[in-house]
Amino acid sequence: MVERHDWVTPTLGGHAWLEKPVLYYWQAMLAYRLFGVSDWTARLPSAFDASILVLGVYLFLWRLRPGFHLDGALMTASAAGVVGFAHAASPDMPLAAMFTLALLAWYAWWETSLKTFLAGFYLFLALATLAKGPVAPVLAGAIVLLFAMAARDLRIILRTLWIPGMLLFALVALPWYIAVQTRNPEFFRVFILEHNLARFGTDLYHHRQPFWFYLPVASVGLVPWIVFVLVAAVEIVRAWWVERKALFDSGDALNFFLLLWLIVPVLFFSFSQSKLPGYVLPALPAGTLLVSEYLRRQLEDEEQRPALWWIGLHAVVASASVVPALLVQYLLLQHRLPWGTGSVVASVVALVLAMGITLTLRGKLGLRMLRFVTLIPVVVTVGALMKLGAPQCDAILSARPLAKQLAQMETRPRSVAVFGVRRETEYGLAFYRNQPIGRYELHQVPVGEHLLIAPEGASDAITKLVGTRRVSYLGTYAPQNLDYYWVAKGGD
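A brief report on the enclosed structure follows. (Residues numbered from 1 in each chain as written. Predicted model: local features only at pLDDT ≥ 70, side-chain atom pairs only at ≥ 80, totals over all residues. Heavy atoms only, no water.)

**Let's talk about the nonpolar core**
Part 1 of the argument: Counting residues in hydrophobic clusters, the biggest one holds 114 residues, and the most contacted among them are Trp106, Tyr107, Phe121, Phe147, Phe257 and Trp261.
Part 2 of the argument: Formed by 15 residues, the second largest nonpolar core is a distinct cluster that contains Ala395, Ala399, Val418 and Val421. (Core = buried A, V, L, I, M, F, W, Y, C linked by side-chain atoms within 4.5 Å. Buried < 20%, exposed > 50% of the residue type's maximum accessible area, 1.4 Å probe, protein only.)

Laid out in structure tokens, this is it:
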């Protein structure tokens, strides 16, 4: 898109790629223009959007719940799902950030009646629609509708359907959809019918998972705060159903709104026949905001304290991530945690951190120290992953070292094709070599001479596919068990 100066049609391998909307691509294009094309600039949009998400949480709490804005922002920033997807060159974080800002703006409008916030709701909802499509207004509409029904005030829906806001939404979101449909008549079929409706209703793209898949996914995404997310959720449900406490009458409906925000996306995507972990990322900020609100209530009522076993469980969960982080190289190479000195040392470190967290939270300052002591294992975990895991991830999972090895071997650039490799390898080679990559399984066999990347031991299968064309083995990339070959052009 950058090379063709095309701001409308996403392109992959020289062909229109209509699977996702355009927001991430626009951001990546701007990053490439400003800083050049590289893997870190490809990730820059997600890092930027994650920063905006955290800033939005900070400003929301500063405006409506002052005193706990830093806690909420740092809890959100340190959630495992936010940290992970902030490093990923994908549309998941742009959607999560814009969706979060939209819902924060809507609740701020509901509590203050300021139309500026309602305009912000429609603006960010439009950007979320440009990030990943109609799923953003569908989820937002469901959350607002359920909130209005729980409040027994359907006028909330009528007030939300503000004509200037809807015009703002249309002005921001629709021009690209109209332009891409005009240039690519197949867009409606490919994007709406296949990548939204068919993806949700069928296993067309082979991402089937059990119904309960998003319960562990969301739980892991909310580490290290998941225990207090559950504590806060249990307290809200008990207040609503057991004690018959009317949250709306008490003047504080934020907790119920956050609970809806957390549950609705998880439940919605649980019914989908195609499941990927990033789908529930927009729900995670609601979880960390629930913890921030729980902390505020606890500190306002000094007589209340969570049970010791909740604190101990939180300490264990928060510290447990240190173990795989310190042993990440073994996990990548052996796909299991080893038994030995390394695992013992890592477990002792985690145990010491867990004991320290428990004793601190049961001490004089209590939950005032929650954010500080929980961030210690988070910093250790992220630091260990970056220092110990990044080089090994690069060698085992990335196409970058393979592309570099091919470039060093070539006397002149050649076309490249793949056979039997992961899709990530195919796309990674396309990025690092800046050229389309053919795939033998899809009958994309280059006519001219080319390099072929295939799993080790695939030479017999390759010979059958290329027929009489000469094939020469050139070498191997051992970390990923891949071989590469030179294939002559047809007739040679």
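Okay, back to it.
**Remarks on the pairing of strand β7 (residues 482-487)**
Part 1 of the argument: In terms of burial, β7 is a largely internal element, six of the six residues being buried.
Part 2 of the argument: Residues Leu482, Tyr484 and Trp486 line one face of β7 and the alternating positions Asp483, Tyr485 and Val487 line the opposite face, and both faces are buried.
Part 3 of the argument: Sheet topology places strand β5 (residues 450-455) next to β7; six bridges connect them, and they run antiparallel. In the sheet register, Ala454 faces β7, and the bridge partner there is Asp483.
Part 4 of the argument: Inspection of the sheet shows strand β6 (residues 471-477) paired to β7 by six bridges, in the antiparallel sense. Bridge assignment links Tyr473 to a residue of β7, and that residue is Tyr485.
Part 5 of the argument: Between the antiparallel neighbours β6 and β7 lie four residues, among them Asn481 with a positive phi of about 55 degrees. (Helix = DSSP H or I, 4+ residues; strand = E, 2+ residues; numbered from the N terminus. Pairing = 2+ DSSP bridges.)

**Section: the packing of aromatic side chains**
Part 1 of the argument: Applying the stated rule across the entire model yields 29 aromatic pairs.
Part 2 of the argument: An angle of 65 degrees between the planes, with centres 6.3 Å apart, marks the rings of Phe60 and Tyr107 as edge-to-face. With Phe60 in helix α2 (residues 39-64) and Tyr107 in helix α5 (residues 92-112), this residue pair connects regions lying 47 residues apart in the sequence. The same class applies to Phe60 as to Tyr107, namely buried.
Part 3 of the argument: On the numbers, 5.6 Å between centres and 90 degrees between planes, the contact of Phe147 with Phe257 is edge-to-face. With Phe147 in helix α7 (residues 135-150) and Phe257 in helix α13 (residues 254-270), this residue pair connects regions lying 110 residues apart in the sequence. Of the two residues, Phe147 and Phe257, neither departs from the other in class, the shared state being buried.
Part 4 of the argument: Grouping aromatic residues by their ring pairs yields a cluster made of Phe60, Trp106, Tyr107, Trp109, Trp110, Phe147, Phe257 and Trp261. (Phe/Tyr/Trp six-rings, centres within 6.5 Å; stacked < 30°, edge-to-face > 60°.)

**A few points about the pairing of strand β3 (residues 415-418)**
Part 1 of the argument: Pairing geometry for β3 and β5, over four bridges, is parallel. Paired with Ser415 across the two strands is His450, which belongs to β5.
Part 2 of the argument: Viewed along the sheet, the connection from β3 through helix α21 (residues 423-433) into strand β4 (residues 437-439) turns out right-handed. (Right-handed = clockwise from strand over helix to strand, strands pointing away.)

**Section: the packing of helix α1 (residues 23-35) against α2**
Part 1 of the argument: One way to put it is that α1 packs onto α2 with a least axis distance of 8 Å and a crossing angle of 125 degrees. Taken together, the axis directions place α1 and α2 in an arrangement best described as oblique. Judged by the sense of rotation from one axis to the other, the crossing of α1 with α2 is right-handed. Of the residues in α2, those touching α1 at Tyr24, Gln27, Ala28, Ala31, Tyr32 and Phe35 are Trp40, Thr41, Ala42, Leu44, Pro45, Phe48 and Asp49. (Axes fitted to C-alpha atoms, helices over the stretch in contact; angles between N-to-C directions. Parallel < 35°, antiparallel > 145°, perpendicular 65-115°, else oblique. Left-handed = near helix turned anticlockwise from the far one by under 90°. Contact = heavy atoms within 4.5 Å.)

**A short note on unusual backbone geometry**
Part 1 of the argument: For the bond from Val223 to Pro224, the omega torsion is 10 degrees, close enough to zero to count as cis.
Part 2 of the argument: Structurally, Pro224 is set in the loop between α11 (214-221) and α12 (226-242).
Part 3 of the argument: With a phi angle near 60 degrees, His443 is a residue other than glycine that sits in the positive phi range.
Part 4 of the argument: With respect to the helices and strands, the residue His443 is situated in the loop between β4 and β5.
Part 5 of the argument: At Asn481, a position not held by glycine, the phi torsion is positive, near 55 degrees.
Part 6 of the argument: According to the relative accessible area criterion, Asn481 is partly exposed, its value standing at 46%.

**Considerations on the sheet that holds β3**
Part 1 of the argument: One open sheet holds the five strands; their spatial order is β4-β3-β5-β7-β6, and the pairing between them is mixed. Strand pairing shows two members of the sheet lacking a second neighbour, β4 and β6, which therefore form its edges. Across the sheet, the mean angle from the axis of one strand to that of its neighbour is 30 degrees, orientation sign disregarded.
Part 2 of the argument: Relative to β7, helix α22 (residues 459-466) is tilted by about 30 degrees, and along the sheet it contacts β5, β6 and β7.

**A word on the packing of α13 against helix α14 (residues 284-300)**
Part 1 of the argument: Packing of α13 against α14 brings their axes to within 8 Å, and their N-to-C directions diverge by 155 degrees. In terms of axis orientation, α13 runs roughly antiparallel to α14. For the pair α13 and α14, the sense of crossing is left-handed. When α13 is examined against α14, the residues Leu254, Asn255, Leu258, Leu259, Trp261 and Leu262 are found in contact with a partner set consisting of Pro285, Ala286, Gly287, Leu289, Leu290, Glu293 and Arg297.

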